[in-house]
Amino acid sequence: MLSSTRLSHSIHSLRSLSTLQLVYSEHGDPSKVIRPSTVSLPSSVPCGQVRVSWLAAPINPADINQIQGVYPVKPPLPAVGGNEGVGRIEEVGSDVSSFKKGDLVIPARSGLGTWRKMGDHSVDHVWPIDNRFSIEAGATLQVNPSTAYRMLKDFEDLKEGDTVIQNGANSGVGRSVMQICKIRGLKCVSVVRSRDTGMDELREELSELGSTTVVTEEEMASKMRGKVKARLALNCVGGRSSLFLAGAVAKRGTMVTYGGMSKQPLSIPTAAFIFNDISLRGFWMSRWYDEGNTQERTVMYRDLADWFASGRMKTPPFEKIPMDDATAALEKAQTKFDKKMLFV
Ligand SMILES: NC(=O)c1ccc[n+]([C@@H]2O[C@H](COP(=O)([O-])OP(=O)(O)OC[C@H]3O[C@@H](n4cnc5c(N)ncnc54)[C@H](OP(=O)(O)O)[C@@H]3O)[C@@H](O)[C@H]2O)c1
């Protein structure tokens, strides 16, 4: 006969497991349409799947756009929010040998829904990462540092001493760009929006991270005009900001657009095309992942693991928030950009 303690333990292990997730059933303002919801996971993990305990997941601009319904990746509704994050394998299906309990994983592609405490996922939907990544670095590895890494590698054959210019430089991607530039011996001109307070501190911080010059958009349009000749420009703002960025691209250089924070169409100076024959390209990390690139992905994550582990790369500042405070966090993520919101 079972003792009462063992009996209650056996009953518990047969029961399904309740877990919290942040769900939206319609598109709209994320702080209004996201709701906490409790779901049950089966008592044992289905074949071909792994049970992941999600440890941390950021709120990125793409997550906001996806919930608003204006992002190309549209998971069927109702959907769990969040495209990236880091989790730990808790249990594997009886036929799974590619993962084991304790492995750190991130989503294999966009749209997985990472704003949840625990989930069962197909083995193809998660990707193992080096356990040298901190929780914060792992949670934000798939999007921003990877985007920076690829844009600095895939468009121009940059040599030590070459110049890269970027706007929106205080963003998560921008901070990764300047740090990778420093590691690779590239000069990095970082353009930021001017602010009433804290401009000197921001210049100092971004210079320490790897920017060789930090300028405001206004300075770029005035005293810096004609002074920068960059092989590569990285644009995440658009509008008037892209006008001055494209004007700073050297002959036959490239401007890569990867974001549109100003919500304005690109402005490009005519002279940049006629006299400098510049190329305009676009980059989307999700597309790159969807295209396969398995070997390159492994190499990229290995390089990034080395750089984070050695302290040569640092994560941006975070505000860590419990999932219960989702509404306030989602409001803040759309209006204040000094810290990345991270659900923990
Ligand atoms: N294509 C891709 O694969 C890919 C991958 C990653 C990110 N992205 C895009 O890259 C951009 C940055 O993402 P992130 O996660 O790095 O952002 P983030 O850390 O949340 O930072 C957002 C940045 O945007 C700036 N910003 C906000 N509104 C602006 C405006 N109206 N004009 C100029 N700058 C503005 C902020 O500047 P302040 O510092 O002055 O507040 C802040 O530095 C987003 O558009 C995102 O969608 C694209």
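Throughout this description, residue numbers start from 1 for each chain and increase along the sequence as written. A pLDDT threshold of at least 70 governs which residues receive local features in this predicted model, and a stricter bar of 80 or more applies before side-chain atom pairs are shown or counted, although totals over entire chains, interfaces and linings include all residues. For the side-chain quantities, the full set of heavy atoms in the structure was used; hydrogens and water were omitted.

Within an unreviewed UniProt entry, the label attached to the protein reads Enoyl-[acyl-carrier-protein] reductase, mitochondrial, and the organism entered is Pristionchus pacificus. UniProt positions are given in the numbering used here, feature names are shortened, and annotations may be inferred rather than shown by experiment. Checking UniProt for the protein, the heading Sequence similarities (unreviewed entry) contains the comment "Belongs to the zinc-containing alcohol dehydrogenase family. Quinone oxidoreductase subfamily."

A. Local environment of the pattern of salt bridges. Salt bridges are counted wherever a side-chain nitrogen of Lys or Arg sits within 4 Å of a carboxyl oxygen of Asp or Glu. A complete count under the given rule lists 17 salt bridges for this structure. A salt bridge links D103 to K100; its shortest N-O distance comes to 2.9 Å. Any residue under 20% of the maximum accessible area for its type is buried, any over 50% is exposed, and the rest in between are partly exposed; the area is computed with a 1.4 Å probe on protein chains only. With a relative accessible area of 16%, D103 lands in the buried category. A relative accessible area of 54% means that K100 is categorised as exposed.

B. Quick peek at the pairing of strand β11 (residues 213-216). Pairing between strands is defined by DSSP: at least two bridges between them are needed. Put simply, DSSP H or I for four residues or longer makes a helix, DSSP E for two residues or longer makes a strand, and each gets a number counted from the N terminus. By the bridge criterion, four bridges tie strand β10 (residues 187-192) to β11 in an arrangement that is parallel. What sits directly across from V192, in β11, is T216. Note on handedness: a crossover is taken as right-handed if, strands pointing away from the viewer, the path from the first strand over the helix to the second is clockwise. One crossover worth recording links β10 to the parallel β11 by way of helix α7 (residues 199-209), and it is right-handed.

C. Main features of the domain arrangement of the protein. Along its sequence, the protein is organised into domain 1 (18-142) and domain 2 (144-286). Put simply, the middle of domain 1 and the middle of domain 2, counted by C-alpha atoms, are 32 Å apart. Accessible area, probed at 1.4 Å, shrinks when two parts are joined; the buried area is that loss added up over both. Between domain 1 and domain 2 the total buried area reaches about 540 Å² when both faces are included, carbon and sulfur atoms providing 49% of it. A per-residue breakdown of the area domain 1 buries against domain 2 is headed by Y71, L141 and Q142, which together make up 44% of the total. Counting of polar contacts relies on pairs of N or O atoms within 3.5 Å, with two restrictions inside protein: one atom must be capable of donating a hydrogen and the other of accepting it, and residues adjacent in sequence are counted only when both atoms are side-chain atoms. Put simply, domain 1 and domain 2 have three residue pairs in polar contact (both at pLDDT 80 or more) between them. Each residue is assigned to one of three groups, with Ala, Val, Leu, Ile, Met, Phe, Trp, Tyr, Cys and Pro labelled nonpolar, Asp, Glu, Lys and Arg labelled charged, and all others, Gly among them, labelled polar. Residues belonging to the side of domain 1 that touches domain 2 are distributed by class as follows: five nonpolar, four polar and no charged. The split of the chain into domains comes from an automatic or database domain assignment.

D. Here's a closer look at the pairing of β10. The buried fraction of β10 amounts to five of the six residues, a majority that puts the element mostly inside the structure. As paired strands, strand β9 (residues 163-166) and β10 are joined by four bridges and run parallel to one another. Bridging across to β10, Q166 finds its partner in S190.

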